[in-house]
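Per-entry structural report
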Amino acid sequence: MHMHKFEKIWLTFGISCLVIFLAVIGVSAFYLGNKPPSCLTTVNPEKVDQTKPFDKPGLHKVEGKDWDYELVYVASAFSYNPAKVEVPLGAKVKVIATTKDVIHGFEMAGTNINMMLEPGYVSEYTTTFDKAGEYLIVCNEYCGAGHHLMSSMIEVVK
Amino acid sequence: MAKAELKTKQKTEVEDSSSLKGTLASVFLLGAFLIVTWAGVYYLFVDRF
Amino acid sequence: MVNSAAAKVKVDPRDAKLSMAHFFVAFSALALGGLMGLLQTLVRSGKWELPWGIDYYQILTVHGVLMGLVLTTFFIMGFQYAAVSRTTGGHSNAARRTGWIGFWVMLIGTLMAATMVLLKEASVLYTFYAPLKAHWIFYLGLTFVVVGSWLDGAAQIMTYARWRKNNPGQPSPLLSFMAVINTVMWIVATLGVAATVLFQLLPWSLGLVDTVDVLVSRTLFWYFGHPLVYFWLLPAYMCWYAIIPKIIGGKIFSDSLARLSFILFLLFSIPVGFHHQLTEPGIDPAWKFFQVILTFMVVIPSLMTAFSLFASFERYGRSKGATGLFGWFKVLPWGDARFIVPFIGMASFIPAGAGGLINASNQMDQVVHNTIWVTGHFHLTLATSVVLTFFGISYWLVPHLTGRKLTKAMNKLGIIQAWVWFIGMTFMSGAMHFQGLLGGPRRSAFSTYGGAKQAAEWIPYQVAQAVGGSILFLGIILVLIIFINLAFFAPKGEQEFPVAEAENPEEKAPMVFENWKLWLGITAALILFAYTIPFIDIIQNAPPGSKGFQTWSKW
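Source: prediction; values computed, not measured.

**Description of the overall build of chain A**
- Broken down by element type, chain A carries one helix and 11 strands.
- Secondary structure elements in chain A, listed N-terminal to C-terminal, are α-β-β-β-β-β-β-β-β-β-β-β.
- A compact globule built from 158 residues should have a C-alpha radius of gyration of about 15 Å, whereas chain A, at 20 Å, is more than 25% larger.
- With the C-alpha coordinates aligned to their principal axes, the bounding extent of chain A is approximately 65 × 35 × 30 Å.
- Considering chain A as a whole, with its 158 residues, one finds that 44% of them fall into the buried category.
- Residue pairs in contact within chain A that sit at least 24 positions apart in sequence constitute 62% of those at least 6 positions apart.

This is the structure:
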């Protein structure tokens, strides 16, 4: 099997690019802590309201942790609890969410907070809210007749 | 084996008379496009919280 | 194509009949599915509402099932069946019978699933994620579609095996080899969806069990879901590698490298499903990243393909006396629909591939996951690169099979159709990509989200999508006119089934490429490597199962 010299150059270049892309995202994920949300914690989907921390949805200040606040959401067709939250600018927040029924999405538009909520699993993402403004949270996984009405609002304020 | 070598030589001659410069340029333009778009979205990822 | 001399130049009329049967179903799906697509874009523009209690998510399900599953599977099986017939000298009676049974089983399954969707018993979209619970007949129908496609594929494998037996020590005809690779990949991939439907969703929807393990079901679905997109793409690659060079009057750049790239697709298309599940809570991040690496491996055969296609064009152009760096580009047959329609598809694969790299880049997926960017992405891959190539194929294959000719008028209409498609898709897919980067969600009816400022910014893009969708629907009408003309009304004659020859016919493809034990062994090893540990982990650490929900609107 013969390969043209130019094709060898091209494939060397292309494969090098792929390796560089992988190195960039690999270092970012595993050394800088930017892994995609994978909490690996489970919850009984029928007992969400009785299970900590989902018994108290909303923003809570925490002490002695790597983050300043925990922001807890419970999703169900077709709403999020809480429906509106104010977060102080610059706060490091751990967003913790789950669903009581079908699969929902949890996407804070214009940010990297974008995770699937699956019954039985807890989804978490920790980040610093460093840009002020109004942010819409939308359900981005089809969940039924009211899917497009399912939203919540976060205001990041000074 | 000797026969196979002969074929390889013939093949090389064909290539000399028929350049693939344009192909190399085209695929590198394609590569540049892939890099620019990827870097653009990576920038969005880094910029957003 | 080393062995083309031995192959018949015309598809056996008995095989042609079965291929055409597939195409009638495929183009009917295109007509109905296309109408649904138009209606979706109109609804989402906010200027129009669906009448008679029809539900947005119901037509979304129809669109996805018809375009993603029915149009593709029927067209691909019809095309590959004809390609194998053309390059091996025809199917045996046994293979033909198997193919017909497969066709009818697929059709019955399609009708079962479609009936449930029309009755609003299955508004679960074509991905049918549990715990949304559709009627059991919907799942059974999908099972029939998959089983039918296995029989259809078996017919191709039988004919390939017979050819190999009759031509010992010879590499098989390139198009047959490629068709069989795609069929084998499809069979291995559909085992995943068959497992979740047969062992989880059917018993659950029949009420035999109360709950379903959602993550196991999703993981099995995406084990199938990514090779599914390569199952769509490889027939287009068959055309680009082995047919287009003949249409332009050139040669295949390298028969062996074409085979190698198809083998790489078989190996690396399957163990990569986690890159669709990057933002899911129940999968270990290390295993996600491992499958991301494997996903990047599957880019390599596409890099090879890009080079081969450009090289084949440049060689042809230079043989016609073209000079300079890009002179060869001008001498390509721009007036031939059989070339330009798939060519626009090829060109679209550049932005499509760029988007795919971004989607698969682990945490970068958070920027675009489940936004309408993703919809824009697969409307470039599937709904432009792949279907334009399919249209381009049908413009010569349909008259070839029906004993008619592609007339000048239809050739011209075909070219117009492709440009209409390109313009419509530039509007629609372009707007989807940009809206997605701003966070606009996919699979959603029109909504102002309570007057949110961000949602208001999305609406102009949705209007652009409706403009693009309307232009695309016009494109579908043109395709249907051409298809019906070529199937029933075009003048009788001989239309060539183009099969290209390799630039260097003495360079025989290495026989190791036909060593199925080897390639299936490596395929299985990669799948086991990528999935065994995380899958056991998912089962062992599973939460309590989910009961079913029917949250969509009913009649």
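**Brief notes about the interface of chain B and chain A**
- With 14 residues of chain B at the interface, the matching set in chain A holds 17 residues.
- Of all the elements in the fold, those that place two or more residues in the side of chain B that touches chain A are α1 (2–17) and α2 (21–47) of chain B.
- Of all the elements, α2(B) adds the most residues to the side of chain B that touches chain A, at eight residues.
- Of the residues belonging to the side of chain B that touches chain A, the class tally is eight nonpolar, three polar and three charged.

**Describing the sheet that holds strand β5 (residues 84–88) of chain A**
Residue and element names in this part refer to chain A.
- The five strands are arranged β5-β11-β10-β7-β8 in an open sheet whose pairing can be described as mixed. In this open sheet, the two strands that pair with only one neighbour each are β5 and β8 (114–117). Direction aside, neighbouring strands of the sheet carry axes that sit 20° apart on average.
- Of the pairings in the sheet, the one linking strand β7 (residues 104–108) to strand β10 (residues 133–138) comprises two bridges and is antiparallel in character. Of the residues in β10, the one forming a bridge with Met 108 is Ile 137.

**Structural notes on the interface of chain C and chain A**
- Each side of the interface is counted separately: chain C has 60 residues, and chain A has 58 residues.
- Split into classes, the residues belonging to the side of chain C that touches chain A amount to 33 nonpolar, 19 polar and eight charged.

**Considering the packing of helix α6 (residues 214–242) of chain C against helix α17 (residues 516–540) of chain C**
Residues and elements named next belong to chain C.
- Between α6 and α17, the least distance of the axes is 9 Å, while the angle of their chain directions is 155°. Viewed along their axes, α6 and α17 adopt a mutual orientation that is roughly antiparallel. Two packed elements cross with a definite hand, and for α6 against α17 that hand is left-handed. Where α6 approaches α17, its residues Leu 215, Val 216, Thr 219 and Tyr 223 are matched on the opposing element by Tyr 531, Phe 535, Ile 538 and Ile 539.
- Residues of the contact of α6 with α17, tallied by class, amount to seven nonpolar, one polar and no charged.

**So, the confidence of the model for chain A**
- Looking at chain A as a whole, its pLDDT mean stands at 94, while 100% of the residues score no less than 70.
- Averaged pLDDT values over the elements of chain A bottom out at 92 in strand β1 (residues 41–42) of chain A and peak at 97 in β7(A).

**Brief notes about α2(B)**
- Taking 1.5 Å of rise per residue, the 27 residues of α2(B) would be expected to cover 39 Å, and the 39 Å separating its terminal C-alpha atoms lies within 8% of that figure.
- Looking at α2(B), one finds that the buried residues are B:Gly22, B:Thr23, B:Leu24, B:Ser26, B:Val27, B:Leu30, B:Leu34, B:Trp38, B:Val41 and B:Phe45.
- Contacts made by the buried residues of α2(B) are with α1 (5–30) of chain A together with α10 (299–319), α11 (327–330), α12 (337–359) and α13 (365–368) of chain C.

**As for the packing of helix α8 (residues 255–268) of chain C against α17(C)**
All names here are of chain C.
- Across the interface, α8 lies against α17 with an axial gap of 8 Å and an inter-helix angle of 35°. Contacts between α8 and α17 pair Ile 263, Leu 266 and Leu 267 from the former with Trp 519, Ile 522, Thr 523 and Leu 526 from the latter.
- Residues of the contact of α8 with α17, tallied by class, amount to six nonpolar, one polar and no charged.

**Focus on unusual backbone geometry**
- A cis geometry characterises the amide bond from A:Lys52 onward to A:Pro53, with omega recorded as -5°.
- The backbone phi angle of C:Leu125 is positive, close to 60°, even though this residue is not glycine.
- On the secondary structure map, C:Leu125 appears in the loop between α3 (93–118) and α4 (136–166).
- The exposure class of C:Leu125 is buried, given the 23 C-beta atoms found within 10 Å.
- If you check the backbone angles, C:Arg443 has positive phi at about 50° while not being a glycine.
- Note that C:Arg443 resides in the loop between α15 (408–437) and α16 (453–489).
- Overall, C:Arg443 belongs to the buried group, with 23 C-beta atoms counted inside 10 Å.

**Here we look at α12(C)**
All names here are of chain C.
- Here α12 contains 23 residues, and its C-alpha end-to-end distance of 32 Å stays within 8% of the 33 Å for a straight helix at 1.5 Å per residue.
- At Ile 350, α12 is deflected by roughly 30°, the largest bend along its length, and proline Pro 351 occurs up to four residues later in sequence.
- Burial analysis of α12 places 21 of its 23 residues in the buried class, the great majority of the element.

**As for the nonpolar core**
Residue and element names in this part refer to chain C.
- In this structure, Met 178, Met 238 and Ala 242 are the most contacted members of the largest nonpolar core, which totals 239 residues.
- A total of 21 residues in this core trace back to one element, the largest contributor, which is α6.
- Ignoring anything within four residues of it in the chain, the contact list for Met 178 reads Leu 234, Met 238, Ala 242 and Phe 262.

**Describing the environment of C:Phe313**
Residue and element names in this part refer to chain C.
- Assignment of secondary structure puts Phe 313 in helix α10.
- Judged by the 26 C-beta atoms lying within 10 Å of it, Phe 313 is buried.
- Along the chain, Phe 313 and Val 209 lie 104 residues apart, while their C-alpha atoms are 58 Å from each other.
- When residues no more than four places from it in sequence are discounted, the contact partners of Phe 313 are Trp 328 and Leu 332.

The rules we used
- Sequence order as written defines residue numbering, which begins from 1 separately in each chain.
- Chains and ligands are labelled sequentially in the order written, the chains with letters from A and the ligands with numbers from 1.
- Per-residue local features of the predicted model are confined to residues with pLDDT of at least 70, and side-chain atom pairs are confined, for both listing and counting, to 80 or more; whole-chain, interface and lining totals are unaffected and use all residues.
- Strands here mean DSSP runs of E at least two residues long; helices mean DSSP runs of H or I at least four residues long; both are numbered from the N terminus.
- Atoms considered for the radius of gyration are the C-alpha atoms alone. The globule rule reads 2.2 Å times the number of residues to the power 0.38.
- With C-beta atoms placed from the backbone, the exposure class of a residue follows from how many other C-beta atoms lie within 10 Å of its own: 20 or more, buried; 12 or fewer, exposed; in between, partly exposed.
- With C-beta atoms placed from the backbone, a contact is any residue pair whose C-beta atoms sit within 7 Å.
- For this classification, the nonpolar set comprises Ala, Val, Leu, Ile, Met, Phe, Trp, Tyr, Cys and Pro, the charged set comprises Asp, Glu, Lys and Arg, and every other residue, Gly included, is treated as polar.
- Any two strands with at least two DSSP-identified bridges between them are counted as paired.
- In this analysis, axes come from line fits to C-alpha atoms, helices being fitted only over the stretch in contact, and the angle between any two N-to-C directions falls in the range 0 to 180 degrees.
- Between 65 and 115 degrees an angle is taken as roughly perpendicular, under 35 as roughly parallel, over 145 as roughly antiparallel, and anywhere else as oblique.
- Each crossing gets its hand from how the near helix is turned against the far one by less than a right angle, where anticlockwise is left-handed and clockwise is right-handed.
- As a per-residue measure, pLDDT reflects the predictor's confidence and takes values from 0 up to 100.
- One fewer than the residue count of a helix, multiplied by 1.5 Å, yields its expected span.
- Note that bend, as reported per residue, equals the angle between axes fitted to the 7 residues terminating at that residue and the 7 residues originating from it.
- To count as a nonpolar core, a set of buried Ala, Val, Leu, Ile, Met, Phe, Trp, Tyr and Cys residues must be joined through C-beta atoms within 7 Å.

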